[in-house]
Amino acid sequence: MLRLSRAEVLKDTWIDNQDVLQTLHISKRTLQTLRDNGTLPYSKVKGKFYYKVSDVEQLLQDNYYNHNFKQDGRK
């Protein structure tokens, strides 16, 4: 049986608004905008929002910019 790393296990974990706000250092309004425009998928249960860690990571990856590399990945 394969053992999953802690990071792999956490990818399927759900976190709440507060965790996302603290992780991304954003305001409640910015998080609402990310939900409203479809940038960050979510689930809502009894008025409380939840997000997959993997979706938050994907948001960061999709917006990753390294000024040392051009768009095509070459220096």
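In what follows, the structure referred to is the one given above.
So, here's what we can say about the structure.

On the secondary structure map, I26 appears in the loop between α2 (17-24) and α3 (28-36). Excluding residues within four positions of it along the chain, I26 makes contact with L21, L31 and L34.

Quick look at the nonpolar core now. The biggest cluster of nonpolar side chains holds 12 residues, and these are I15, V20, L21, L24, L31, L34, L40, F49, Y51, V53, V56 and L59. For this core, the secondary-structure elements that each account for two or more residues are α2, α3, β3 (48-52) and α4 (53-62). Sequence-distant contacts of L31, defined by excluding residues within four places in its chain, comprise N17, V20, L21, I26, L40 and Y51.

Looking now at the sheet that holds strand β1 (residues 14-16). As summarised here, the arrangement of the three strands in space is β1-β3-β2, forming an open sheet in which the pairing is antiparallel. Either end of the sheet is taken by a strand with one partner, and the two such strands are β1 and β2 (43-45). Each adjacent strand pair in this sheet contributes to an overall mean axis angle of 40 degrees, direction not counted. As judged from the three bridges shared by β2 and β3, these two strands associate in the antiparallel manner. By the bridge assignment, S43 is partnered in β3 with Y50. Where α4 meets the sheet, it contacts β1 and β3, and its direction lies at approximately 65 degrees from that of β3.

This part takes up the side chain of D16. Of note, D16 is situated in strand β1. From its side chain, D16 meets the backbone nitrogen of D19 in a polar contact 3.1 Å long. If near-sequence neighbours (up to four positions away) are discounted, D16 is found in contact with K48, F49, Y50 and Y51.

The next point concerns the pairing of β3. Of the two faces of β3, the one lined by F49 and Y51 is fully buried and the one lined by K48, Y50 and K52 carries no buried residue. Counting the residues between successive antiparallel strands, the hairpin from β2 to β3 contains two residues, one of them, K46, with a positive phi of roughly 50 degrees.

The rules behind each value
- Residues numbered from 1 in each chain as written.
- Predicted model: local features only at pLDDT ≥ 70, side-chain atom pairs only at ≥ 80, totals over all residues.
- Heavy atoms only, no water.
- Helix = DSSP H or I, 4+ residues; strand = E, 2+ residues; numbered from the N terminus.
- Contact = heavy atoms within 4.5 Å.
- Core = buried A, V, L, I, M, F, W, Y, C linked by side-chain atoms within 4.5 Å.
- Buried < 20%, exposed > 50% of the residue type's maximum accessible area, 1.4 Å probe, protein only.
- Pairing = 2+ DSSP bridges.
- Axes fitted to C-alpha atoms, helices over the stretch in contact; angles between N-to-C directions.
- Polar contact = N/O pair within 3.5 Å; in protein donor to acceptor, adjacent residues only side chain to side chain.

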